[in-house]
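What the coordinates show
Each chain, letter by letter, is given below.
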Number of protein chains: 2
Amino acid sequence: MTGQVRTVDGRVAGRRGQATRQKLLDCLSEMLSSSPYRDVKVIDVARKAGTSPATFYQYFPDVEGAVLEIADEVASETAELTELTQGRSWVGKAGWQTAQELVEGFLEFWRRNDAILRVVDLGAAEGDKRFAKLRTKILSPVNSSLSNSVAELQSKGRVDKDVSPAAVAGALVAMLAAVASHQKGFTQSGVKQAELKPNLALLVYLGVTGKKPTK
Amino acid sequence: MTGQVRTVDGRVAGRRGQATRQKLLDCLSEMLSSSPYRDVKVIDVARKAGTSPATFYQYFPDVEGAVLEIADEVASETAELTELTQGRSWVGKAGWQTAQELVEGFLEFWRRNDAILRVVDLGAAEGDKRFAKLRTKILSPVNSSLSNSVAELQSKGRVDKDVSPAAVAGALVAMLAAVASHQKGFTQSGVKQAELKPNLALLVYLGVTGKKPTK
DNA sequence: TCGGTAAGCTGACGGCATGACAGGACAAGT
DNA sequence: ACTTGTCCTGTCATGCCGTCAGCTTACCGA
């Protein structure tokens, strides 16, 4: 499925090549976590990986290109998020449970990959279609699952006709992502982690079902 | 209130100086709208302003420093957002109206300043306290207003005791900001502008009041 | 064992951005 | 015209970017 890994100038990468390539990606990941995106330089990544800048350019066209690779890896790991919503009930106590677990899992996922997701978000917001596509790919499991849940409740008459499942799901996912990105901002303005999560879950539940949860 | 405008090396700026300074800020603003943040260079801004890089460094320590200035301007304009929430009712039809106007106004505000707000968001997410502070300053009118509204409804027993007004308000504002940043992402996945807004308003109303709106 | 071939890496280089400084141009008052 | 302080830019050392030729290393078939 995934075609062979190739260098910029077309050679196929062997074992050793793939190793250095991966090492560069790992080091880039670290750098993204520790310094502002704008200040991440090829030479720093290369130094950290114990290689030369020229080597970096063998495997990636530029920093952005490498970032896209990392984001692609993250997009693959996104499958685990599917479990948080697939086949879950949104009715009664079980529904409240679903909302809580979704929030918990989503925040954890975002926390684990915050550096790269931050950059993807920026790229998408700036209108770069490659980043935008990756962002929707990363969020799509949760997004479409929520959307389906709303649509199902709607077909049963439990949610108003004029609600757009896709719009609601998209907005809720955007909310979760944004809050995850700015968790520090919340704790700084006096909102504790412990009280943030249930309130998020409440908003998600309200958005999906249109009703208050029965706890 | 705002102390005199000063150059990096301490001189006070006169009329002419302030003009070029402002021109540099304007050009930077434009550049942020048209090219990725990572690719905005001092030399380009200077060229666009018809001056030299050295002049730029007279007024700002670096690109980031100039961005902070622009963001500060935006933070001052944020007063207009206060009108969208101050003294509005969240009860019955009037409440639904309030939610709609808030969404409309917020999205418009964000659209008008999207380039700079994008960068502020990034800086805050990266943990830069200066950007984080500016972000809360920009969002605080809407944020605290919503928070107060929830608290008020709560004191009247119309909202559950265990809801945290600050957490809910923060999450809703984050949602609005995130959706505004990624409006293109929505339209690309088949959600039209026209249906996005009422659904956002619905989520805001639900979050604040805990009930479905009466339209 | 021995080339042959492709993969893998780097030194070196022109080009460009950064950031600092000193000195020249300019406006305003005397 | 002269002085003063503001304002701008030419120039320079430094450092990163992105490319290339060329060297080393690993693999493979004979």
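**Quick look at the overall build of chain A**
When you go through chain A residue by residue, the secondary structure sums to 11 helices and 0 strands. Ordered by position in the sequence, the α and β elements of chain A form the string α-α-α-α-α-α-α-α-α-α-α. Counting only C-alpha atoms and orienting by the principal axes, one finds that chain A spans roughly 60 × 45 × 30 Å. Across chain A, the fraction of contacts at a sequence separation of at least 24, relative to all contacts at a separation of at least 6, is 65%. Carbon and sulfur atoms provide 50% of the accessible area of chain A, an area that totals close to 10,100 Å². One finds the centroid of the 29 positive side-chain charges in chain A at a distance of 2 Å from the centroid of its 24 negative side-chain charges.

**Quick word on the protein's contact with DNA strand C**
All names here are of chain A. Contacts to DNA strand C come from 19 residues, most closely from R11, G14, G17, T20 and T51. Here the atoms of DNA strand C within 4 Å of the protein split so that 74% fall in sugar or phosphate, with bases taking the remainder. At 2.6 Å, a backbone N or O of G14 approaches a phosphate oxygen of DNA strand C. S52 places a main-chain nitrogen or oxygen 3.1 Å from a phosphate oxygen of DNA strand C. In terms of residue count, the dominant contributor to the surface near DNA strand C is helix α3 (residues 53-59) (4 residues). When the residues that make up the surface near DNA strand C are grouped by side-chain class, the tally is 8 nonpolar, 7 polar and 4 charged.

**A look at the pattern of salt bridges**
This model, assessed by the stated rule, comprises 31 salt bridges over all chains. A salt bridge links K48(A) to E30(A); the shortest N-O distance between them is 3.7 Å. Residue K48(A) is found in helix α2 (residues 42-48), and its partner E30(A) is found in helix α1 (residues 15-34); the two are separated by 18 residues along the sequence. E30(A) sits in the partly exposed class, given a relative accessible area of 47%. Its salt-bridge partner being D121(B), residue R135(B) comes within 2.7 Å of it at the nearest N-O pair. Placement of R135(B) in helix α8 (residues 129-155) and of D121(B) in helix α7 (residues 114-125) is noted, with a sequence separation of 14 residues between them.

**A short note on the protein's contact with DNA strand D**
Surveying the vicinity of DNA strand D reveals 21 residues, the closest of which are Y57(A), G14(B), T20(B), T51(B) and Y59(B). Backbone atoms, meaning sugar and phosphate, form 70% of the atoms of DNA strand D found within 4 Å of the protein. Separating a phosphate oxygen of DNA strand D from a side-chain N or O atom of R15(A) is a distance of 2.9 Å. Within the contact set of DNA strand D, a phosphate oxygen lies 2.8 Å away from a side-chain nitrogen or oxygen of Y59(B). Of all elements in the fold, only α2 and α3 of chain A together with α1 (15-34) and α3 (53-59) of chain B reach the threshold of two or more residues within the surface near DNA strand D. Residue classes in the surface near DNA strand D are distributed as 8 nonpolar, 7 polar and 6 charged.

**Here we look at the interface of chain A and chain B**
Between chain A and chain B, the residue contacts involve 46 residues of the former and 46 residues of the latter. Carbon and sulfur atoms make up 63% of the surface buried where chain A meets chain B, a total of about 4,000 Å² over both sides. Area buried by chain A at its contact with chain B is led by R38(A), R118(A) and H182(A), which between them contribute 17% of it. Linking chain A to chain B there are 2 salt bridges. The shortest N-O distance in the salt bridge between D160(B) and K212(A) comes to 3.8 Å.

**Some details on the environment of E101(B)**
Residue and element names in this part refer to chain B. In this fold, E101 is placed in helix α6 (residues 92-112). For E101, a relative accessible area of 29% puts it in the partly exposed group. Taking C-alpha positions, E101 is 12 Å from S89, a pair spaced 12 residues apart along the chain. Beyond its immediate chain neighbours, meaning those up to four positions away, E101 contacts L84 and R88. A polar side-chain atom of E101 sits 2.5 Å from a polar atom in the side chain of R88.

**Things to note about the relation of the copies chain A and chain B**
Expressed as a screw transformation, the operator carrying chain A onto chain B has a rotation angle of 180° and an axial translation of 0.0 Å, and the superposed copies differ by an RMSD of 0.1 Å. A rotation of that kind, with that shift, is consistent with a two-fold axis. Residues of chain A ranked by C-alpha distance from the rotation axis are headed by M175(A), positioned 2.0 Å from it. Both copies share a contact surface, since 100% of the interface residues of chain A are interface residues in chain B too.

**What to know about the packing of aromatic side chains**
Here the structure, examined in full by the defined rule, presents 9 aromatic pairs over all chains. With a centroid separation of 5.2 Å and an interplanar angle of 50°, the aromatic rings of F56(A) and F60(A) are classed as tilted. On the basis of relative accessibility, which here comes to 1%, the residue F56(A) falls in the buried class. Given a relative accessible area of 1%, F60(A) falls into the buried group. Between the aromatic rings of F56(B) and Y57(B), the centroid separation amounts to 5.7 Å while the plane-to-plane angle is 80°, which identifies the pairing as edge-to-face. Connected via pairs of aromatic rings, a cluster forms that spans F56(A), Y57(A), Y59(A) and F60(A). Across from the ring centre of Y37(B), 5.0 Å away, lies the NZ or CZ of R38(A), which sits over that ring.

**Things to note about helix α4 (residues 63-77) of chain A**
Between its first and last C-alpha atoms α4(A) spans 22 Å; for 15 residues at 1.5 Å apiece the expected length is 21 Å, and the two agree. Those residues of α4(A) that sit buried are V63(A), G65(A), A66(A), V67(A), L68(A), I70(A), A71(A), V74(A) and A75(A).

**Concerning helix α11 (residues 193-209) of chain A**
With 17 residues, α11(A) should cover 24 Å at 1.5 Å per step; its first-to-last C-alpha distance of 24 Å lies within 8% of that length. Among the 17 residues that make up α11(A), 12 are buried, leaving the element largely enclosed by the rest of the structure. Every buried residue of α11(A) is listed here: L196(A), N199(A), L200(A), A201(A), L202(A), L203(A), V204(A), Y205(A), L206(A), G207(A), V208(A) and T209(A). Buried residues along α11(A) sit against α6 (92-112), α8 (129-155), α9 (165-181) and α10 (183-188) of chain A together with α9 (165-181) and α11 (193-209) of chain B. Following α11(A) by one or two positions, G210(A) has its phi on the positive side, about 80°.

What counts and how
- Residues numbered from 1 in each chain as written.
- Chains lettered and ligands numbered in written order.
- Predicted model: local features only at pLDDT ≥ 70, side-chain atom pairs only at ≥ 80, totals over all residues.
- Heavy atoms only, no water.
- Helix = DSSP H or I, 4+ residues; strand = E, 2+ residues; numbered from the N terminus.
- Contact = heavy atoms within 4.5 Å.
- Areas by Shrake-Rupley, 256 points an atom, 1.4 Å probe, with all protein chains shown as cover.
- Lys, Arg positive; Asp, Glu negative; His and termini not counted.
- Charge placed at Lys NZ, Arg CZ, Asp CG, Glu CD.
- Near = heavy atom within 4 Å.
- Polar contact = N/O pair within 3.5 Å; in protein donor to acceptor, adjacent residues only side chain to side chain.
- Nonpolar A, V, L, I, M, F, W, Y, C, P; charged D, E, K, R; others polar.
- Salt bridge = Lys/Arg side-chain N within 4 Å of Asp/Glu carboxyl O.
- Buried < 20%, exposed > 50% of the residue type's maximum accessible area, 1.4 Å probe, protein only.
- Buried area = accessible area lost by both parts, 1.4 Å probe.
- Least-squares fit on C-alpha atoms with pLDDT ≥ 70 in both.
- Phe/Tyr/Trp six-rings, centres within 6.5 Å; stacked < 30°, edge-to-face > 60°.
- Lys NZ or Arg CZ within 6 Å of the ring centre and 35° of its normal.
- Expected span 1.5 Å × (residues − 1).

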